Amino acid sequence: PEIIKQPKSYRVAPGHDVTLEVHVRKKEGGSDTFSYQWYEKNTPLHGETRSHLLLKSVSRKSAYWCSVRNSLSYCTHSQVATIELMDGMWGCSFLFVLKE
């Protein structure tokens, strides 16, 4: 399999949902059937076996990646996507006007 869309890294406010995804196509002569396994760092995420991963109410930074295997057992891995949390006011910008 060939990954044609890698998962993106995000910087989000705590409590927001994030969806990571990979898009895959078969290589010439390969199989059209793919299986997926998502990992947080190097730990497989139980039950996360689709082309996308929904992270609900993100509360900590981490790193995720996906392993994709075809029915012939050829395997490839995505790039690592990092989730960072915004500090303070969660990335909002405020303009304060001071009066003399």
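I will try to describe carefully the structure that is included in this document. Every residue gets a number counted from 1 within its own chain, in the order that chain's sequence is written. Predicted model: local features are reported for residues with pLDDT of at least 70 only, side-chain atom pairs are reported and counted for 80 or more only, and whole-chain, interface and lining totals are derived from all residues. Hydrogen atoms and water are omitted, and side-chain values are computed over all heavy atoms in the structure.

Things to note about the overall build of the protein chain
- In this text, helices come from DSSP runs of H or I with a minimum length of four residues, and strands from runs of E with a minimum of two, each type numbered from the N-terminal end. Helix and strand counts for the protein chain stand at 0 helices and 10 strands.
- Going from the N terminus to the C terminus, the protein chain shows its helices and strands as β-β-β-β-β-β-β-β-β-β.
- Note on classification: 1.4 Å probe, protein chains only; a residue is buried when its accessible area is under 20% of the maximum for its type, exposed when over 50%, partly exposed between these limits. The buried share among the 100 residues of the protein chain stands at 30%.
- Long-range contacts, defined here as pairs at least 24 residues apart, represent 56% of the contacts in the protein chain between residues at least 6 apart.
- In these tables, accessible area is a Shrake-Rupley quantity obtained with a 1.4 Å probe, and a residue counts as shielded only by the protein chains included in the view. When the accessible area of the protein chain is evaluated, it comes to approximately 7,300 Å², of which 50% is carbon and sulfur surface. Contact between two residues is taken to exist if any of their heavy atoms lie within 4.5 Å; hydrogens are not considered.

Notes on the side chain of Ser78
- Along the polypeptide, Ser78 turns up in the loop between β9 (75–77) and β10 (81–85).
- If we skip the residues at most four places from it in the chain, Ser78 touches Ile3, Gln6, Pro7, Val22, Trp65 and Cys66.

Some details on the nonpolar core
- Only buried residues count toward a nonpolar core. Its members are Ala, Val, Leu, Ile, Met, Phe, Trp, Tyr and Cys residues joined through side-chain atoms within 4.5 Å. Core analysis: the largest hydrophobic core is formed by 17 residues, its most contacted members being Leu20, Val22, Leu55 and Ile83.
- Among the elements of the structure, β3 (18–21), β5 (34–40), β7 (52–55), β8 (62–70) and β10 are those that each provide at least two residues to this core.
- Contacts of Leu20, omitting those with residues within four sequence positions, involve Pro7, Lys8, Tyr10, Trp38, Ser51, His52, Leu53, Leu55, Tyr64, Ala81 and Ile83.

Quick notes on the side chain of Asn70
- Note on placement: Asn70 falls in strand β8.
- The buried category is assigned to Asn70, whose relative accessible area is 6%.
- Whenever two N or O atoms come within 3.5 Å, that pair is a polar contact, provided that in protein one can donate a hydrogen and the other can accept it, and provided that, for residues adjacent in sequence, both atoms are side-chain atoms. Separated by 2.9 Å, the side chain of Asn70 and the backbone nitrogen of Leu72 make a polar contact.
- Not counting residues within four places of it along the chain, the set of residues in contact with Asn70 comprises Pro1, Ser31, Thr33 and Phe34.

Some details on the packing of aromatic side chains
- Ring pairs shown here join Phe, Tyr and Trp side chains whose ring centres sit within 6.5 Å, with only the six-membered ring taken for Trp; geometry is labelled stacked below 30 degrees between planes, edge-to-face above 60, and tilted in between. Within this structure, the stated rule accounts for 1 aromatic pair.
- Between Tyr39 and Trp65, the aromatic rings sit 4.1 Å apart at their centres with planes inclined by 5°, giving stacked as the arrangement. Of this pair, Tyr39 sits in strand β5 while Trp65 sits in strand β8, placing them 26 residues apart in sequence. Of the two residues, Tyr39 and Trp65, neither departs from the other in class, the shared state being buried.

A closer look at the environment of Ile4
- Topologically, Ile4 is positioned in strand β1 (residues 2–5).
- Given a relative accessible area of 47%, Ile4 falls into the partly exposed group.
- Once the C-alpha coordinates of Ile4 and Arg25 are considered, the two residues, 21 residues apart in sequence, prove to be 6.9 Å apart.
- Ignoring any residue separated from it by four or fewer positions in sequence, one finds Ile4 in contact with His23, Val24 and Arg25.

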